[in-house]
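# Overview (structure and organization)
Here's the letter readout for the chains.
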Amino acid sequence: MKAMKIILAMMICVNMLASEAEGAELYDVIYENVYYGNGNAEESQWITDAIMYASAAYEVDPILITAVMEAESSFHFDSFSKVGAIGLMQLMPDTARSLGVNPYNALENILGGVIFLGNQLKRFASWGEYGVTYAVAAYNAGPGAVEKYGGVPNYAETQNYVVIVARNYNRILNQLNA
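Calculation criteria
Residues numbered from 1 in each chain as written. Predicted model: local features only at pLDDT ≥ 70, side-chain atom pairs only at ≥ 80, totals over all residues. Heavy atoms only, no water. Core = buried A, V, L, I, M, F, W, Y, C linked by side-chain atoms within 4.5 Å. Buried < 20%, exposed > 50% of the residue type's maximum accessible area, 1.4 Å probe, protein only. Helix = DSSP H or I, 4+ residues; strand = E, 2+ residues; numbered from the N terminus. Contact = heavy atoms within 4.5 Å. pLDDT = per-residue confidence, 0-100. Salt bridge = Lys/Arg side-chain N within 4 Å of Asp/Glu carboxyl O.

### Describing the nonpolar core
Residues I47, I51, V68, M69, I110, Y139 and V165 are the most contacted members of the largest nonpolar core, which totals 41 residues. Where this core is concerned, the elements lending two or more residues are α2 (21–38), α3 (41–58), α4 (62–73), α6 (106–124), α7 (131–141) and α9 (156–177). No other element matches α6, which puts 7 residues into this core. In this structure I47 touches V34, N38, M69, F75, F77 and L88, once residues within four positions along its chain are discounted.

Encoded structure:
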């Protein structure tokens with residue numbers, strides 16, 4: 001019950017922030033993308049609220065979070081990969097454990113994914129103009145692979161993943177700027 005009250009309070013705060021003109025426009029564009037992938041209005045609103053909250057809490061671009069989540073799960077709560085990744089942000093069990101989150105809990109899955117993504121953004125920030133690209137590659141293949149290859153690993157899956165996330169990001173950014 002206490003957790004539900006905290007989540008409700010958090011969502012109210014997110015909705016208050018989203019009421020500002022610029023925030024509302026960003027919220028609406030993210031919601032439209034989530035709804036397009038998810039198809040359920042209530043779930044899409046919850047996911048959008050969680051994206052905005054995680055973005056503010058961990059200082060990670062909400063458009064990047066949305067682009068990664070779309071690539072990972074198409075905004076479906078019950079997504080599981082053949083290699084064992086779980087949920088909206090497709091956390092591997094060991095990664096979730098290292099972050100102290102339950103990957104089966106949707107909010108913890110999102111927060112864990114954003115924390116992990118934020119860690120990769122910080123880790124590769126000093127790698128020059130492609131730091132964000134390397135962070136996205138590390139989200140998919142692991143930071144060790146990016147370090148080993150000195151950039152995006154020579155794995156077809158990861159190379160395709162980076163392109164998909166970039167396309168998602170640019171599409172959302174263009175919608176926001178339209």
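### Some details on the confidence of the model for the protein
Interpretation of this model should avoid reading the predicted coordinates in detail wherever pLDDT is low. Of the residues in the protein, 88% reach a pLDDT of 70 or more, and the chain-wide mean stands at 90. Every residue in residues 1–21 is under pLDDT 50, and counting partners more than four places away or in other chains gives 16 contacts.

### Section: the pattern of salt bridges
Tallied over the entire structure, the rule returns 3 salt bridges. Across the pair D94 and R97 runs a salt bridge whose closest N-O atoms are separated by 2.5 Å. Placement of the pair is D94 and R97 together in helix α5 (residues 93–99), with a separation of 3 residues, close to one helical turn. Looking at D94, the relative accessible area reads 55%, which means it is exposed. Take R97: its relative accessible area is 58%, and that puts it in the exposed class. Here E147 makes a salt bridge to R123, at a shortest N to O gap of 2.9 Å. Of this pair, E147 sits in helix α8 (residues 143–149) while R123 is found in helix α6, placing the two residues 24 residues apart along the sequence. Accessibility expressed as a relative area gives 38% for E147, which makes it partly exposed. Judged by relative accessible area, R123 falls into the partly exposed class, the value being 38%.

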